[in-house]
Amino acid sequence: MPMSASRHLRRKAAEHFAAERLKEAAAAYAELLALVPEDFEALHRLGTIRIQLGDSAEGHRLLTTATRVDAGTAETWLHLGMAAQNLGRLEEAVTHYRQALTLQPDYAAALFRLGVLLRALGRRPESLQVLDHCVALAPREETVLQLRGEIKFELEDWGGAMTDFSAILERKPDSVPALIYGGVTRGQQQQYVAEGLALLDRAAVLAPGRAEIHFNRGVLLELLERDDEALAAYDRAVAINPRHADAWNNRGGILRRHSRLEEAIDNFSRALGHAPRHLAALINRGVALGLLNRDREAAADFNRVLAIEPDNSAAMGGMALAALAACDWQSLERLTPRLASPAVYGQGGVSPFTMLQLFDDPKLLHDCTVPFLKRLVPQRTARRPPLPPAGGRIRIAYVSSDYHTHATAHLIADLIERHDRSRFEINGFSYGVDDGKAERARLKRGFDRFIEVQALSDSAAAELMRQLDTDIAVDLKGYTLWARPGIFAHGPAPVTVSWLGYPGSMAVNWYDYVLADKMVLPHAQQPFYDENIVHLPDCYQPNDPSRPLVPVTRAAAGLPNSGFVFCSFNIHRKITRPIFECWMRLLSALPGSLLWLLDDTANAVLSAKAAARGIDPSRVIFAPKVDLAAHLGRCTAADLMLDTMPYGAHTTASDALWAGVPMVTLLGPSFANRVAASLLTAMGTPELITTSLQDYESLALALARDLQRLAALKA
């Protein structure tokens, strides 16, 4: 073979390659390889060109051959790694990039490629280590700084990410990627949220058509509790990109927070239409469906999440709540051991209020609350004002969403009116709906001031309380439905109290005291409460002595004329398998007796369960929901009320006792299953308190068979 021919082809191929005439260069190198099959330069160059022309398989073959001819060239291993990556052979690509770096440790291109690939593989710490080396070699390279900043952001190194994005913006103030990520990064730290929003506002001016900018603006506006503006930002994002699932999901979250549940469900469904495996949207839709008592649909969404991510705590908690409402005890028995695991509740996705309905271990109930609150209210943002000088009236703020037809309103209306106005100024702060009913009107008259804060952010509501020189702020909600403990995170008053609405610890030092009594919350449980336990005399639960009580006949109450009537007007979520089976044994032991339950979420299920246990379903009667006066009147038609466990009767217990119906309760270790015992102790009938399920059943049956003793108790 004449030397001049190969030299000519090599020169010709190099000229085409330098001029970026890739097809011509490829033809020349192919011709050269036909003459010299193991020509390293031709193998290397042609392999690289094939990758550029989209034929990574052929490029990979040629470059592999090149490394066999000469394994000592870093650039060949770099390009071989690129070919493997294009072919989806990612771990092989990692190996090739690392070989390039073994040969040339300061090879910036290989470092960058390896960093990008390791990030894509989820190996962020390794990626960060590689990119640190790359930045040391090219400290002013914006692409490298941007990538490293994004990885730091993903690793929640907010300060490090801010440093990288700030370095880019110092040199290139109009870098849209740095503005976007820089804004979001600042938003992760409470003190920088407003600064982050300003960066995103600049990005929106420079690139108004990028949906991601408006989405991120919405995220930060939510952090600033500016929900209306956040909603507008998400609107802009989905107008630009109707398939932006995250924007639809976040938009639905705002709507749900403002009780616009049907609209929220539509938004979550839109998110899922574009991203069927969007876990947050599935969970959020499930929660919203549960709030509308559409429990089967809710369970379906939570099950979809668990099929994708079996240890997702939020989905497990939502599934448990749906199963409670459906009296699906088999599902609950599968879920509860997992929910009791720190690995699950430690994620902070399970509401403490849900856990109260499943467990009665005070330590578990406290421990599961800590991560939930950290996730719900990530950071306490304001100091409480100091105690004022002595003298003058004490200003008390009662804070709730339940100033309407609700159990809390029924319990406290008379109490609010009875405060000594010479010593106290009593203000009601409401963040709930106005149902236009008499209960709300009475409460508005009862308070010195009745202040609507539903439209205010948590911080603004707390600030308003401070401006009104509130001395004591009382949270009547805790972690119950629509609660806003974030208001108390913002320091509304020198003294803060948890009382009445939530039977458990708030598990945070934002609250100074929890009001209880010696039966419902003994001082021995102080280790499981961050608040100081304060015992009120007799009973922690107030009530209204002016409540009407007009007894009705059994027929008017919807009951047969004969048969002993056991009743339990707790919601169906409180009915557990052990209690229901006990009730069925009572019906079996007392022919002709009846079980009177509330018309609620699982009527058909409970009737079927009764039939499966040999009880005629007609002996289980469901009482429709009526107003308080009608309910109290019909309670008089019952013979004996039966408590539930582990979450017992609270207002329903006091309603029955007010109507003169004796009640059997089972004393447990947690606040939630000791309320009936507190009421019974206060009224001087501790003999109706039992300490085991067997004793509970025996006492209920003994009372049902001893009508004289029962009549004496009623009297």
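From a predicted model like this one, the values you see are computed outputs, not experimental measurements.

As for its placement among the helices and strands, T480 is situated in the loop between β4 (472–475) and α27 (486–489). The residues contacting T480, other than those within four sequence positions of it, are F353, G501 and Y502.

To continue, consider the pattern of salt bridges. Evaluation of the coordinates by the stated rule reveals 47 salt bridges. The salt bridge partner of E297 is R294, with a shortest N-O separation of 2.9 Å. Its salt-bridge partner being E581, residue R613 comes within 3.3 Å of it at the nearest N-O pair. Taken together, the residues span a long stretch of sequence, with R613 in the loop between α29 (603–612) and β10 (620–623) and E581 in helix α28 (residues 577–589) at a distance of 32 residues. Bridged by salt links that share partners, the residues E91, R98, R123 and E126 form one connected network.

Looking at where P337 falls in the secondary structure, it is placed in helix α20 (residues 329–339). The exposure class of P337 is exposed, given its relative accessible area of 54%. Separated by 202 residues in the primary sequence, P337 and C539 have C-alpha atoms spaced 34 Å apart.

Attention now goes to helix α15 (residues 245–257). With 13 residues, α15 should cover 18 Å at 1.5 Å per step; its first-to-last C-alpha distance of 18 Å lies within 8% of that length. When you tally the buried positions in α15, you get eleven out of 13 residues, the bulk of the element. Considered for burial, the residues of α15 that qualify are A245, A247, W248, N249, N250, R251, G252, G253, I254, L255 and R256. Buried residues belonging to α15 abut α13 (211–223), α14 (227–240), α16 (261–274) and α17 (279–291). S259 occupies a position one or two residues after α15 and carries a positive phi of about 65°.

Moving on, we get to empty space enclosed by the protein. One simple way to see leftover space: roll a probe sized like a water molecule over the atoms. Overall, the coordinates contain one cavity of 30 Å³ or more when judged by the stated rule. Of the volumes computed, that of the largest cavity is approximately 110 Å³. Lining the largest cavity are 14 residues, with P362, L365, G504, S505 and Y529 sitting closest to its centre. It is helix α23 (residues 362–376) that provides the largest number of residues to the lining of the largest cavity, a total of four residues.

Right, let's get into the packing of helix α5 (residues 74–86) against helix α7 (residues 108–120). Relative to each other, α5 and α7 sit at 25°, their axes nearing to 10 Å. Relative to α7, α5 is oriented roughly parallel. α7 is crossed by α5, and the crossing has left-handed handedness. On the side of α5, the interface is formed by L78, M82 and Q85, while α7 contributes A109, A110, R113 and L117. Residues that form the contact of α5 with α7 fall into these classes: five nonpolar, one polar and one charged.

Another aspect to go through is the pairing of strand β12 (residues 663–666). On β12, burial covers both faces: M663 and T665 on one face and V664 and L666 on the other are all buried. Two strands pair when backbone bridges link them, and strand β11 (residues 640–642) and β12 are joined in this way by two bridges, in the parallel orientation. Residue pairing in the sheet places L642 in a bridge with V664 of β12. Tracing the backbone out of β11, into helix α31 (residues 651–658) and back to the parallel element β12 gives a crossover that is right-handed. As paired elements, β12 and strand β13 (residues 689–690) share two bridges and run parallel to each other. What sits directly across from T665, in β13, is I689. For the crossover from β12 across helix α32 (residues 675–682) to β13, the handedness is right-handed.

Below, the discussion takes up unusual backbone geometry. Residue P646 is reached from M645 by a cis peptide bond, and omega for that bond is 5°. Among the secondary structure elements, P646 is positioned in the loop between β11 and α31. Although it is not a glycine, D469 adopts a positive phi angle of roughly 55°. Along the chain, D469 falls in the loop between α26 (458–467) and β4. Judged by its relative accessible area of 47%, D469 falls in the partly exposed class.

Before going further, it helps to spend a moment on the layout of surface pockets. Considering only enclosed or pocket space, the second largest pocket measures out at about 660 Å³ in volume. The wall of the second largest pocket is formed by 27 residues, among which W499, L536, C539, Y540 and P542 lie closest to the centre. Ranked by the residues each element gives to the lining of the second largest pocket, the list is headed by α31, at three residues. Looking at side-chain class alone, the lining of the second largest pocket contains 21 nonpolar, four polar and two charged residues.

Scoring rules and cut-offs
Residues numbered from 1 in each chain as written. Predicted model: local features only at pLDDT ≥ 70, side-chain atom pairs only at ≥ 80, totals over all residues. Heavy atoms only, no water. Helix = DSSP H or I, 4+ residues; strand = E, 2+ residues; numbered from the N terminus. Contact = heavy atoms within 4.5 Å. Salt bridge = Lys/Arg side-chain N within 4 Å of Asp/Glu carboxyl O. Buried < 20%, exposed > 50% of the residue type's maximum accessible area, 1.4 Å probe, protein only. Expected span 1.5 Å × (residues − 1). 1 Å grid on protein atoms, 1.4 Å probe; cavity = no way out; pocket = protein on both sides within 12 Å on 5 of 7 lines; lining within 4 Å. Points joined across faces, edges and corners; volume = space filled by probe spheres on them. Axes fitted to C-alpha atoms, helices over the stretch in contact; angles between N-to-C directions. Parallel < 35°, antiparallel > 145°, perpendicular 65-115°, else oblique. Left-handed = near helix turned anticlockwise from the far one by under 90°. Nonpolar A, V, L, I, M, F, W, Y, C, P; charged D, E, K, R; others polar. Pairing = 2+ DSSP bridges. Right-handed = clockwise from strand over helix to strand, strands pointing away.

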